Amino acid sequence: MIEIIPAIDLIDGKCVRLKYGDFDRKTIYSEEPLEVAKRFEAVGIKRLHLVDLDGARAGTPASLAILEKLAHGTDLQIDFGGGIKSEADLASVFESGAAIATVGSLAVKEPDLFLSWLEKYGGDRFMLGADQRDGKVAIDGWQTTTDLGVIDLVSRFIEKGVMRVFVTDIGRDGAMTGPSLRLYEDIISSIADIELVASGGVSSIQDIDELERIGCSGVIIGRAIYEGKIKLEDLSLYVG
């Protein structure tokens, strides 16, 4: 069964969502991330995708206190990303309670460093984030578009031990226009045994079912939950 992974994106300690990855198109949904996380946990959800948007812009994690609060206040398995640029950053993220570190920009800019982390900590402690705009990988909090194709990036690190990958179509993120099914089908057909988590555009239970049908192992959902397009009680049907 597909894994449901709600997202909490943080700016100034508040739960927000951006539209198309644009920091100027921000909606604040809650000033209490722990209460939001507890609502997810109450319906049986086991996993949380926590994004430190301040850290992504600053180049170093900026929301570790909130990570620690959520890790201690719930039993959710938290994957945390945003601003992880050094081994000291990575250690602090794990020490603050993250089960999994999400790495995106660094894997593009410093692949050898990321490979050294995979060797030291193991592929199960990481999730590779491959965010794409018009077929090309975007980094630095989606502010820079590279010439690197998503499938090329993902293939490189799957071969080196990465076990989980999430791919966000920036053009659909926060827009609730439906997920990029063709993109995910292309990735799944191109890379054997990939655990692919879809992200961006999900707006209905039907979208979740379609992603499960094509072989996605998980789905990250944000705005659709916060705006009531997808009810938390409906998500309980996907929780084992």
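Caption draft 1: Broad picture of the overall build of the protein chain. Per the secondary structure count, the protein chain includes eleven helices and twelve strands. Relative to its length of 240 residues, the protein chain is compact, with a C-alpha radius of gyration of 16 Å against a globular reference of 18 Å. Along the three orthogonal principal directions, the C-alpha set of the protein chain runs to about 40 × 40 × 35 Å. Contacts spanning at least 24 positions in sequence make up 65% of the contacts within the protein chain whose residues lie at least 6 apart. When the accessible area of the protein chain is evaluated, it comes to approximately 10200 Å², of which 44% is carbon and sulfur surface. With 26 positive and 40 negative side-chain charges, the protein chain shows a spacing of 4 Å between the two charge centroids.

Caption draft 2: Broad picture of unusual backbone geometry. Positioned with a positive phi, aspartate 134 is a non-glycine residue whose angle comes to about 55°. Here aspartate 134 is to be found in the loop between strand S7 (126-133) and strand S8 (136-139). Given the relative accessible area of 75%, aspartate 134 is considered exposed. Phi is positive for aspartate 193, which is not a glycine, with a value near 60°. By the element assignment, aspartate 193 lies in the loop between helix H8 (181-190) and strand S11 (195-199).

Caption draft 3: Region of interest: the side chain of threonine 146. Looking at where threonine 146 falls in the secondary structure, it is placed in strand S9 (residues 144-149). Side-chain polar atoms of threonine 146 contact the backbone oxygen of valine 137, separated by 2.8 Å. At 3.1 Å, the side chain of threonine 146 forms a polar contact with the backbone nitrogen of leucine 148. With near-sequence residues (within four places) excluded, threonine 146 lies in contact with Val108, Lys136, Val137 and Ile139.

Caption draft 4: Broad picture of the nonpolar core. Counting residues in each nonpolar core, the largest one holds 66 residues, and the members touching the most others are Ile8, Phe114, Ile208 and Ile221. Looking at this core, the element that brings in the most residues is helix H7 (residues 150-158), giving five residues. Counting seven residues, the second largest nonpolar core, distinct from the first, contains Met127, Phe166, Val197 and Ile220.

Caption draft 5: Looking closely at the pairing of strand S4 (residues 47-52). When you tally the buried positions in S4, you get six out of six residues, the bulk of the element. Of the two faces of S4, the one lined by Arg47, His49 and Val51 and the one lined by Leu48, Leu50 and Asp52 are each fully buried. With four bridges connecting them, strand S1 (residues 3-11) and S4 associate as parallel partners. Directly across from isoleucine 8, in S4, lies its bridge partner leucine 50. Pairing of S4 with strand S5 (residues 77-81) involves five bridges; the strand directions are parallel. Counted as the bridge partner of arginine 47 is glutamine 77 from S5.

Caption draft 6: Spotlight on the environment of valine 36. With respect to the secondary-structure elements, valine 36 resides in helix H1 (residues 33-42). Linking valine 36 and glycine 82, residues 46 residues apart in sequence, is a C-alpha distance of 19 Å. If we ignore the near neighbours within four places in the chain, the residues touching valine 36 are Ile8, Cys15, Ser30 and Tyr226.

Caption draft 7: Structural detail: the environment of lysine 109. On the secondary structure map, lysine 109 appears in helix H5 (residues 105-109). Residue classification places lysine 109 among the partly exposed residues on the basis of a relative accessible area of 48%. Excluding anything up to four places from it in sequence, lysine 109 contacts Ile139 and Asp140.

Caption draft 8: Here's a closer look at the packing of H1 against helix H3 (residues 64-73). Packing of H1 against H3 leaves a shortest axis separation of 10 Å and a crossing angle of 35°. You can see that H1 and H3 cross each other, and the crossing is right-handed. Of the residues in H3, those in contact with Pro33, Leu34, Ala37 and Lys38 of H1 are Ile66, Lys69, Leu70 and Gly73. When the residues that make up the contact of H1 with H3 are grouped by side-chain class, the tally is five nonpolar, one polar and two charged.

Caption draft 9: Here's a closer look at the pattern of salt bridges. According to the stated counting rule, one finds six salt bridges in the structure shown. Between glutamate 31 and lysine 14 there is a salt bridge, and its shortest N-O distance comes to 3.9 Å. Of the two residues, glutamate 31 sits in the loop between strand S3 (22-30) and H1 while lysine 14 sits in strand S2 (residues 14-19), which places them 17 residues apart along the sequence. A relative accessible area of 54% means that glutamate 31 is categorised as exposed.

Criteria and thresholds
- Within each chain, residues carry numbers counting from 1 in the order of the written sequence.
- In keeping with the model being predicted, local features are shown solely for residues with a pLDDT of at least 70 and side-chain atom pairs are shown and tallied solely at 80 or more, while totals for entire chains, interfaces and linings include all residues.
- Note that water and hydrogens are dropped before the side-chain values are worked out from all heavy atoms of the structure.
- Labels follow the DSSP assignment, with helices taken as runs of H or I lasting at least four residues and strands as runs of E lasting at least two, numbered in each case from the N terminus.
- Within these notes, the globule rule equals 2.2 Å times the number of residues to the 0.38 power, and the radius of gyration is based on C-alpha atoms.
- Only heavy atoms enter the contact rule, under which two residues are in contact if any of them lie within 4.5 Å.
- Throughout, the Shrake-Rupley method with a 1.4 Å probe supplies accessible areas, and for residues the shown protein chains are the sole cover considered.
- His is not counted, nor are the chain ends; Lys and Arg add positive charge and Asp and Glu add negative charge.
- All charge positions are set by atom: Lys at NZ, Arg at CZ, Asp at CG, Glu at CD.
- Remark: exposure states derive from per-residue accessible area (1.4 Å probe, protein chains only) relative to the maximum for the residue type, with buried under 20%, exposed over 50%, and partly exposed in between.
- We define a polar contact as two N or O atoms separated by no more than 3.5 Å, with the added condition that, inside protein, one atom must be a possible hydrogen donor and the other a possible acceptor, whereas residues neighbouring each other in sequence contribute only through side-chain atom pairs.
- We define a nonpolar core as any set of buried Ala, Val, Leu, Ile, Met, Phe, Trp, Tyr and Cys residues linked to one another through side-chain atoms lying within 4.5 Å.
- Strands were regarded as paired on the criterion that DSSP finds at least two bridges between them.
- Note on method: axes are straight lines fitted to C-alpha atoms, helices fitted across the in-contact stretch only, with angles between N-to-C directions ranging 0 to 180 degrees.
- Two helices crossing with the near one rotated counterclockwise from the far one by less than a right angle form a left-handed crossing, whereas a clockwise rotation gives a right-handed crossing.
- Polar here means any residue outside two lists: the nonpolar Ala, Val, Leu, Ile, Met, Phe, Trp, Tyr, Cys and Pro, and the charged Asp, Glu, Lys and Arg; Gly therefore counts as polar.
- Whenever Lys or Arg places a side-chain nitrogen within 4 Å of a carboxyl oxygen from Asp or Glu, that contact is recorded as a salt bridge.

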